[in-house]
Amino acid sequence: FTKSKFDAATLDELEDLLIQADLGVDAAMRISQEVGRQRHERGLDEDGVRKVVAAEVEKSLAGVAKPLEIDASKKPFVILMAGVNGSGKTTTIGKLAQKFSAEGKKVMLAAGDTFRAAAVEQLNVWAQRTNVPIVTKEIGADASGLAYEAVETAKAAGVDILLIDTAGRLQNRTELMQELEKITRVIKKVDAEAPHAALLVLDATVGQNALSQVELFQKTAGITGLVMTKLDGTARGGILVAVAEKFALPIHFIGVGEGVGDLEPFIAADFSRALVGLD
Amino acid sequence: MFETLQERLSGVLDKLRGRGSLSEADVSEAMREVRRALLEADVALDVVRDFIARVSEQAVGATVVKSVTPGQMVVKIVHDELVNTLGADNQPVSLAAAAPVPILMVGLQGSGKTTTTAKLAKRLQDREKKKVLMASLDTRRPAAMEQLAVLGTQVGVQTLPIVTGQSAVQIAQRALQAAKLGGYDVVMLDTAGRTTVDDELMAEAVEVKKVSNPHEVLLVADALTGQDAVTTARAFDKALGITGLALTRVDGDGRGGAALSMRAVTGKPIKLIGVGEKMDALEDFDPQRIAGRILGM
Ligand SMILES: Nc1nc2c(ncn2[C@@H]2O[C@H](COP(=O)(O)OP(=O)(O)OP(=O)(O)O)[C@@H](O)[C@H]2O)c(=O)[nH]1
Ligand SMILES: Nc1nc2c(ncn2[C@@H]2O[C@H](COP(=O)(O)OP(=O)(O)OP(=O)(O)O)[C@@H](O)[C@H]2O)c(=O)[nH]1
Ligand SMILES: [K+]
Ligand SMILES: [Mg+2]
Ligand SMILES: [Mg+2]
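Model, not experiment: these values are computed from the prediction.

(A) Examining unusual backbone geometry more closely. Residue and element names in this part refer to chain A. That bond from lysine 75 to proline 76 is cis: its omega, 0°, falls within 30 degrees of zero. Within the secondary structure, proline 76 sits in the loop between helix H3 (46-62) and strand S1 (77-82). In this structure, the amide linkage connecting alanine 194 to the following residue, proline 195, adopts the cis form with an omega of -10°. Assignment of secondary structure puts proline 195 in the loop between helix H7 (174-190) and strand S5 (197-203). For alanine 118, which is not glycine, the phi dihedral falls at a positive 60°.

(B) Structural view of the coordination of the potassium ion (ligand 3). Protein ligation of the potassium ion (ligand 3) involves A:Asp203 (OD), A:Thr205 (OG1) and B:Asp222 (OD), the donor distances falling in the range 2.5 to 3.0 Å. Remark: B:Asp222 occurs in strand S5 (residues 216-222) and A:Asp203 occurs in strand S5; the pair is interchain, linking two chains. Taken individually, A:Asp203 and B:Asp222 each receive the classification buried, so the pair is uniform in this respect.

(C) Structural detail: the environment of A:Ala82. All names here are of chain A. Turning to its location among the elements, alanine 82 is positioned in strand S1. Taking the C-alpha atoms as reference points, alanine 82 and leucine 199, 117 residues apart in sequence, are found 6.1 Å from one another. Ignoring any residue separated from it by four or fewer positions in sequence, one finds alanine 82 in contact with Lys89, Thr166, Leu180, Leu199, Leu200, Val201, Phe217 and Ile223.

(D) Broad picture of the interface of chain A and chain B. Taken together, the 39 residues of chain A in the interface contact 37 residues of chain B. Taken together, the two surfaces of chain A and chain B that pack against each other cover about 3200 Å², and 53% of this comes from carbon and sulfur. At the boundary of chain A and chain B, one finds 6 salt bridges. Where chain A packs against chain B, one counts 18 residue pairs in polar contact (both at pLDDT 80 or more). Broken down by secondary-structure element, the contributors of at least two residues to the side of chain A that touches chain B are helix H1 (8-20), helix H2 (25-37), helix H5 (119-130) and helix H8 (209-221) of chain A. No other element matches the 5 residues that H5(A) contributes to the side of chain A that touches chain B.

(E) Spotlight on the site of ligand 2. Close contacts around ligand 2 come from 24 residues, with B:Gly112, B:Lys113, B:Thr114, B:Thr115 and B:Asp251 the closest. Around ligand 2, the neighbouring residues derive from chains A and B rather than from a single chain. At 2.9 Å from an oxygen atom of ligand 2 is found a side-chain nitrogen or oxygen belonging to B:Gln147. Within the side chain of B:Asp251, one N or O atom sits 2.8 Å away from a nitrogen atom of ligand 2. Tallying contributions element by element places helix H5 (residues 113-128) of chain B first for the shell around ligand 2, with 4 residues. The residue inventory of the shell around ligand 2, partitioned by class, reads 3 nonpolar, 13 polar and 8 charged.

Rules of the game
- Residues numbered from 1 in each chain as written.
- Chains lettered and ligands numbered in written order.
- Predicted model: local features only at pLDDT ≥ 70, side-chain atom pairs only at ≥ 80, totals over all residues.
- Heavy atoms only, no water.
- Helix = DSSP H or I, 4+ residues; strand = E, 2+ residues; numbered from the N terminus.
- Donors = N, O, S within 2.8 Å, 3.2 Å for Na, K, Ca; no water.
- Buried < 20%, exposed > 50% of the residue type's maximum accessible area, 1.4 Å probe, protein only.
- Contact = heavy atoms within 4.5 Å.
- Buried area = accessible area lost by both parts, 1.4 Å probe.
- Salt bridge = Lys/Arg side-chain N within 4 Å of Asp/Glu carboxyl O.
- Polar contact = N/O pair within 3.5 Å; in protein donor to acceptor, adjacent residues only side chain to side chain.
- Near = heavy atom within 4 Å.
- Nonpolar A, V, L, I, M, F, W, Y, C, P; charged D, E, K, R; others polar.

This is the structure we're talking about:
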């Protein structure tokens, strides 16, 4: 930032900064204009400007930063993980298993990706790593059948939290989305209120397409909350601002690495500061 | 969305219909719409800027002919420049080196490296009758090696036997050795996903490159990538000197601006596109198609 007061050039630079963080044109424009409308001290240095922008971004996100509430009266509390290919569903399940176990909850995993090569083995490693039981079927098996069995098994075993993995699917693939819809439908046959949470896992490197992902997964799988992964890389994940403004879905967690402990609660202030390059 | 750009451009330009040539003011107004369209398609901001500068130069002073509207004319200039930037001709994966030809696959986590490795191996084997060996150097992700082994079985391509406890570099050396001894034409090295700010893993990739001396270093990247495309492509290219790109998940409904961004900042050709999870869902890059998609055609 070459100029220290909020003149047109500074606002353009702000807008650029936000666009480069994947907010999209509309959200970036709205926020930079909002910042421009506010009366700020003249002579803010670059850091000062960034702080003002971070505060504005935070306003959009504060309302959706919500922890994932586990209703202990639901036994098992069923969590379904969904998302496009490679977004981080299976890894996030491993991290969640660790977190819930550490909180003293009895956790079970269900290897609902019966499609991708070695998807079952991958979740199996996470089950061993976190020392929790897992329900599996062979590759090629019907995913909804597996989910059904898993909910029944978890119920019988007195499990507190059941985490169900699903195969990655692009939201424009109708037949795959129908399969996901079927998984939720079949789960309801065991427990009409399940899944109690359906989490959409978004990859921070994805740009504007995340909007379409949220829209279509919400429509089919009744998404109740979001997780954003891969924030340990160079992507800032600013699309969450546009997502928050459009869908107002809770954002629960962020993934910041591949390790079992690399899951953090979504904190609007921290995310916003990182987004504008503070810290 | 193509319609939208054309409509938007009509809004700002069609008053010019039949009036000589495009002035600088006309063009700059039109370019605001083009800029927005490109950003909405996830083309990276820096790339958009350069692109707009080039297109503007071509558009200013262009004569408005009677048969098309000024809007159509600008869209055509934009489209042609998109195709140009993306690389007008398709450049296939090269095998022009002494056998076994090493091909190194790199990229961010989850971008599609393992899947693309197996798809490409299948293609080289089926179409070019090459004897291919695949090896997973991914010592980190759970079941990554098993994944490649399963895919190898599916497509009927050999994978290097899994030996636990070896480093990525050691596996690369073992793969090259096995490929030489086994009389393979091509040896494909699948690597673990890595962020470009992970210095340790980036250094590992550099080391792997050093010992394997790959003829192709393909950056496998997600077509749905947003503005980060430039940072990622630049960093991988700088560290490893990539020879080309493989763009995955082109079967999605993303606008694919990352293709333009990555091509523009690295100057390296997009050699392959992934259009599905199945092993035959790999196609040659077609700049016309991606240009059309970026413009929402
Ligand atoms: N750097 C980083 N990598 C991550 C994070 N979360 C997941 N990954 C990596 O991303 C890759 C894909 O993760 P998976 O958990 O397999 O993703 P998925 O959504 O289950 O993938 P599919 O089942 O194939 O659709 C793996 O290499 C993970 O280790 C994260 O927060 N940061
Ligand atoms: N729809 C679609 N899915 C793809 C494509 N290419 C890969 N995938 C899927 O994307 C997910 C990740 O692919 P992988 O090949 O495991 O990715 P990777 O880069 O090896 O992942 P890591 O090794 O964990 O970094 C899997 O679910 C693949 O099936 C593609 O072109 N289209
Ligand atoms: K990605
Ligand atoms: Mg998975
Ligand atoms: Mg892999």
